[in-house]
Amino acid sequence: MAGTPPAAAPPAGTPPRNTHPLTVAVRVMRSIPALLGVGVLIALQSGQGLREAFTGDDPVVAVGLGALVLGGLALLLLIVGLVALGSWLSWSRLVYYFDDSGDLRVDSGVLTRQQRRLALSRLQSVDVNQPLLARVVGMAEVKVEVAGAGDSRVTLQYLTMSQAQALRDEVLARAAGLRPDAGTAPQTVIVTVPTRDLVESLLRSSTTLIGVVATVALVAFTVLVEGAVGVALLITGGVPIFQAFGQFVRFFGFTVAESPDGLRLRSGLTSTQAQTVPPGRVHAVEYSQPLLWRSKNWVRVQITIAGAAMGEQNQSSGFTGVLLPVAPREVAEAVVERVLPGLGSRELAWVSAPERVRVRAPIQWRALAVAADERVFAVRGGRLVRRWAMVPHARTQSVHLTQGPWQRRLGVATVSVDVADGPVAVDGLHQDAAVARRMADEQAERAKLAIATAGPERWMTHRLADLPAPDPGDPVV
Amino acid sequence: MSPKLIVARRLVLAILVLPITAVAVGVTWASPSPPWVPALLAAIGLGGFGWGWWLVGRRVRSYGYCEREDDLLVTSGIMFRRLVIVPYGRMQLVDVTAGPLDRTLGITTVQLHTAAATSDAAIPGLPPDEAGALRDRLSARGEERSAGL
């Protein structure tokens with residue numbers, strides 16, 4: 001590259017590093033609840049025998065039982081010891097480092113060695129998470145995700161919080177094409193979700209609604225007919241409340257901040273997650289609005305990031321695809337504007353589904369529509385929960401049309417834009433067949449044009465390359 | 001599409017349906033159930049087989065592809081019709097696969113992959129030469145026009 005700025009000096013490798021030794025302790029602690037559970041189960045099983053032995057006065061039985069209890073304790077300790085040994089072995093065999101080409105390498109495994117190399121030019125996101133147990137001892141895990149099929153992520157457990165943040169900064173700096181020690185990029189908080197809004201939005205969400213309606217119906221039924229439906233009440237009322245509580249814990253204190261590294265998303269009450277999404281990694285965005293959010297004009301925003309497929313996510317940490325759990329529409333659109341410039345709020349010429357699909361989609365037919373302009377393809381639908389989704393043409397992977405027998409009778413078809421795996425599906429349901437066909441063809445054409453003007457991978461190098469190269473040796477003229 | 005794909009699919013259908021039907025009819029015949037039971041089972045089995053036979057022919061004839069200047073069109077299905085348009089620049093890899101039965105009959109499947117799992121564009125039942133040539137053409141065009149994700 002001509003006139004390479006000094007910031008893009010070739011990154012050097014680093015010596016291998018271990019994760020923090022307390023990792024072993026955290027892993028052992030994590031296994032204790034399960035072991036205790038098993039122990040309690042066994043104790044309960046043999047409780048009857050124990051009680052008989054202690055009330056009886058046969059010394060031989062008492063001694064035998066004492067030995068049994070001691071033996072059980074010893075066994076438990078042995079298992080804990082084995083877990084500790086295993087954790088220690090796997091901890092001591094895991095090293096991470098940056099190689100000479102600047103990619104992150106992770107070597108791990110006790111019996112089967114595994115060497116992984118994450119090409120940071122394809123970085124999708126870096127998370128710093130604190131699961132509850134790790135948080136208690138001040139530890140955090142770093143999750144690095146690159147684009148690629150299958151298992152393209154690495155989770156480093158555990159580092160101290162400052163180490164974790166330093167590693168995140170280094171990964172981001174290298175991926176951006178800056179010097180590895182560029183430090184934390186300055187960030188500005190764009191939006192914080194107030195706890196009041198979060199609680200209220202969860203109470204107003206559709207699942208809670210369904211739970212309340214079902215519970216009321218069941219109570220009425222019980223009063224009228226009499227009967228033991230307590231269990232049913234517990235299930236219908238309990239599941240939504242449980243779900244809402246889970247969301248509350250996860251989305252508590254949700255903060256969106258912006259930095260040159262990309263967007264920083266932070267949230268969590270017991271466990272905390274902090275994710276950094278580099279610019280230009282967002283492939284699609286979806287707004288959703290349950291019925292009772294409408295009066296407040298609230299929306300939830302979900303995004304698809306390539307590589308961060310949702311299927312393999314576990315519950316405690318990891319990206320849910322939620323960019324904003326709840327926010328007024330204007331705020332949400334402003335945030336989306338930062339992730340996908342130009343996509344915040346667009347005046348789109350919606351093409352509605354024909355009225356004849358009323359028989360096929362009696363509830364949502366009025367909402368069904370598709371639209372496209374020079375930047376995005378958009379679909380909308382839903383009656384109880386309104387949804388609208390957008391994908392920039394540059395992110396269109398392919399286009400497909402489907403038509404079932406009933407749709408053919410009605411002369412309609414579904415036109416879909418395929419985007420990278422994630423929570424957002426872009427399906428334009430039940431459009432007039434001719435319109436759908438035309439839309440599909442046009443979309444393929446637009447995708448082709450957009451591919452021709454694709455963006456950079458190492459975002460900072462390109463940004464810096466646009467500026468005149470600074471020359472520190474020269475006196476200022 | 002090669003008519004051999006019809007042969008292959010009908011063979012698979014026969015292997016799946018006929019033995020099960022035979023066993024069911026045999027067992028009910030031997031057991032002390034009324035004689036209309038095995039007759040009914042045989043009718044269902046054979047009827048289903050006939051229907052499947054007819055459906056396979058129709059479905060295989062529905063497969064098609066068209067190489068346009070900048071994208072590939074793939075069609076499939078009679079009852080549930082599907083048309084996929086994949087811009088060459090979005091193809092990540094092109095698979096050519098053939099199972100044991102396919103190899104015996106001399107047919108292969110060309111499958112296109114993009115970054116989206118929903119892209120599902122498969123062209124089954126191509127003769128190996130055609131499949132290989134198609135793959136090479138697609139890869140070449142994909143390379144010309146490719147651009148990250």
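Thresholds applied
- Residues numbered from 1 in each chain as written.
- Chains lettered and ligands numbered in written order.
- Predicted model: local features only at pLDDT ≥ 70, side-chain atom pairs only at ≥ 80, totals over all residues.
- Heavy atoms only, no water.
- Helix = DSSP H or I, 4+ residues; strand = E, 2+ residues; numbered from the N terminus.
- Buried < 20%, exposed > 50% of the residue type's maximum accessible area, 1.4 Å probe, protein only.
- Contact = heavy atoms within 4.5 Å.
- Areas by Shrake-Rupley, 256 points an atom, 1.4 Å probe, with all protein chains shown as cover.
- Lys, Arg positive; Asp, Glu negative; His and termini not counted.
- Charge placed at Lys NZ, Arg CZ, Asp CG, Glu CD.
- Axes fitted to C-alpha atoms, helices over the stretch in contact; angles between N-to-C directions.
- Parallel < 35°, antiparallel > 145°, perpendicular 65-115°, else oblique.
- Nonpolar A, V, L, I, M, F, W, Y, C, P; charged D, E, K, R; others polar.
- Expected span 1.5 Å × (residues − 1).
- Phe/Tyr/Trp six-rings, centres within 6.5 Å; stacked < 30°, edge-to-face > 60°.
- Lys NZ or Arg CZ within 6 Å of the ring centre and 35° of its normal.
- Salt bridge = Lys/Arg side-chain N within 4 Å of Asp/Glu carboxyl O.
- Core = buried A, V, L, I, M, F, W, Y, C linked by side-chain atoms within 4.5 Å.
- Buried area = accessible area lost by both parts, 1.4 Å probe.
- Polar contact = N/O pair within 3.5 Å; in protein donor to acceptor, adjacent residues only side chain to side chain.
- Pairing = 2+ DSSP bridges.

Colleague: Would you mind showing me how to read the overall build of chain B here?
Modeller: A tally of regular secondary structure across chain B gives 4 helices and 6 strands. The order of helices and strands in chain B, counted from the N terminus, is α-α-β-β-β-β-α-β-β-α. Its C-alpha atoms put chain B at 70 × 30 × 25 Å along the principal axes. The buried share among the 149 residues of chain B stands at 39%. Partitioning the contacts of chain B with sequence separation of at least 6, the portion at a separation of at least 24 is 49%. Summing over all exposed atoms, chain B offers an accessible surface of approximately 7900 Å²; the carbon and sulfur share of this is 67%. Each charge class in chain B was averaged separately, 15 positive and 12 negative side chains, and the resulting centres sit 10 Å apart.

Colleague: Help me out: how do you make sense of the packing of helix α1 (residues 4-30) of chain B against helix α2 (residues 36-62) of chain B in this one?
Modeller: Geometry of a packed helix pair, given as the angle between the helix axes and the separation of the axes. Residue and element names in this part refer to chain B. Running from amino to carboxyl end, α1 crosses α2 at an angle of 175 degrees, the nearest separation of the two axes being 9 Å. The angle between α1 and α2 places the two elements in the roughly antiparallel class. A per-class count over the contact of α1 with α2 returns 18 nonpolar, 5 polar and 4 charged.

Colleague: Whenever I open this one, α1(B) confuses me. Can you help?
Modeller: Every α-helical turn comprises 3.6 residues, leaving residues that sit three or four positions apart pointing alike. In this model, α1(B) (27 residues) spans 38 Å end to end at C-alpha, consistent with the 39 Å of a helix rising 1.5 Å per residue. Here the buried face of α1(B) lies against α2, α3 (100-105) and β6 (121-126) of chain B.

Colleague: Help me understand the packing of aromatic side chains, please; the structure alone is not making it clear to me.
Modeller: For any pair of aromatic rings, geometry is given as the distance between the ring centres together with the angle between the planes. Residue and element names in this part refer to chain A. A full pass over the atoms with the stated rule returns 6 aromatic pairs over all chains. For the pair F245 and F248, a centre-to-centre distance of 6.4 Å together with 35 degrees between the ring planes defines the contact as tilted. Here F248 and F245 lie together in helix α7 (residues 230-251), a separation of 3 residues that amounts to about one turn. Judged by its relative accessible area of 52%, F245 falls in the exposed class. Ring centres of Y287 and W388 lie 5.3 Å apart, and the angle between their planes is 15 degrees; this geometry places the pair in the stacked category. Taken as a pair, Y287 in strand β12 (residues 282-290) and W388 in strand β18 (residues 385-392) lie far apart in primary sequence, 101 residues in all. Assessed through its relative accessible area of 12%, W388 is described here as buried. Clustering of aromatic rings is evident, with ring pairs tying together F245, F248 and F252. Over the face of the ring belonging to F98 we find R174, whose NZ or CZ atom lies 4.2 Å from the ring centre. The ring of W350 is capped by R380, whose NZ or CZ atom sits 4.9 Å from the centre of that ring.

Colleague: Just to check I follow, could you spell out the pattern of salt bridges for this structure?
Modeller: Proximity of charged atoms lets side chains of opposite charge pair with each other. By the definition in use, this model includes 24 salt bridges over all chains. Between A:R168 and A:D169 there is a salt bridge; the shortest N-O distance is 3.6 Å. Note on accessibility: A:R168 and A:D169 belong to one class, buried. Between B:D70 and A:K448 there is a salt bridge, with the nearest N and O atoms lying 3.1 Å from each other. Of this pair, B:D70 sits in the loop between β1 (64-67) and β2 (71-76) while A:K448 is found in helix α10 (residues 433-452), placing the two residues in two different chains. Accessibility expressed as a relative area gives 15% for B:D70, which makes it buried. When salt bridges that share partners are traced, they join A:D99, A:D103, A:R105 and A:R117 into one network.

Colleague: Even after reading the chapter, I still don't get the nonpolar core, so can you show me in this structure?
Modeller: Nonpolar side chains tend toward joint burial in soluble globular proteins. Ranked by internal contacts, the top residues of the largest apolar core, which has 39 residues, are A:V256, A:V285, A:Y287, A:V301, A:L323 and A:L324. Residues contacting A:V301, with those up to four places away along its chain left out, are A:V285, A:E286, A:Y287, A:G321, A:V322, A:L323, A:L324, A:A332 and A:V336.

Colleague: Any chance you could explain the interface of chain A and chain B here in plain terms?
Modeller: Interfaces are frequently sized by the accessible area removed from exposure as the parts join. Taken together, the contact pairs 30 residues of chain A with 26 residues of chain B. Buried surface at the junction of chain A and chain B, summed over both partners, amounts to about 2200 Å²; 53% is from carbon and sulfur atoms. Linking chain A with chain B are 2 salt bridges. Between the two partners, chain A and chain B, sit 10 residue pairs in polar contact (both at pLDDT 80 or more).

Colleague: Whenever I open this one, the sheet that holds strand β10 (residues 262-267) of chain A confuses me. Can you help?
Modeller: Strand pairing in a sheet is mediated by backbone hydrogen bonds. Such pairs are either parallel or antiparallel. Residue and element names in this part refer to chain A. Pairing is antiparallel in the open sheet, where 7 strands are placed in the order β7-β6-β5-β11-β10-β9-β8. The two strands at the open ends of the sheet, each matched to only one other strand, are β7 (153-160) and β8 (188-192). Across the sheet, the mean angle from the axis of one strand to that of its neighbour is 20 degrees, orientation sign disregarded. Two strands pair when backbone bridges link them, and β10 and strand β11 (residues 272-277) are joined in this way by 5 bridges, in the antiparallel orientation. Within the sheet, the bridge partner assigned to L265 lies in β11 and is Q275. Running over the sheet, helix α4 (residues 161-176) touches β5 (123-130), β6 (139-146), β7, β10 and β11 and is turned about 175 degrees from β5. The strands touched by helix α8 (residues 329-339) are β8, β9 (255-259) and β10; relative to β8, the strand with the most contacts, the crossing angle is about 145 degrees.

Colleague: Even after reading the chapter, I still don't get the sheet that holds strand β3 (residues 104-108) of chain A, so can you show me in this structure?
Modeller: Residue and element names in this part refer to chain A. Strands sit in the order β1-β2-β3-β4 across an open sheet of 4 strands; the sheet is antiparallel. Two strands close off the open sheet at either side, each with one partner strand: β1 (17-18) and β4 (114-118). As paired strands, β3 and β4 are joined by 5 bridges and run antiparallel to one another. Among the inter-strand pairings, S108 is bridged to a residue of β4, identified as Q114. Docked against the sheet, α4 engages β1 and β2 (95-98), running at close to 35 degrees with respect to β2.

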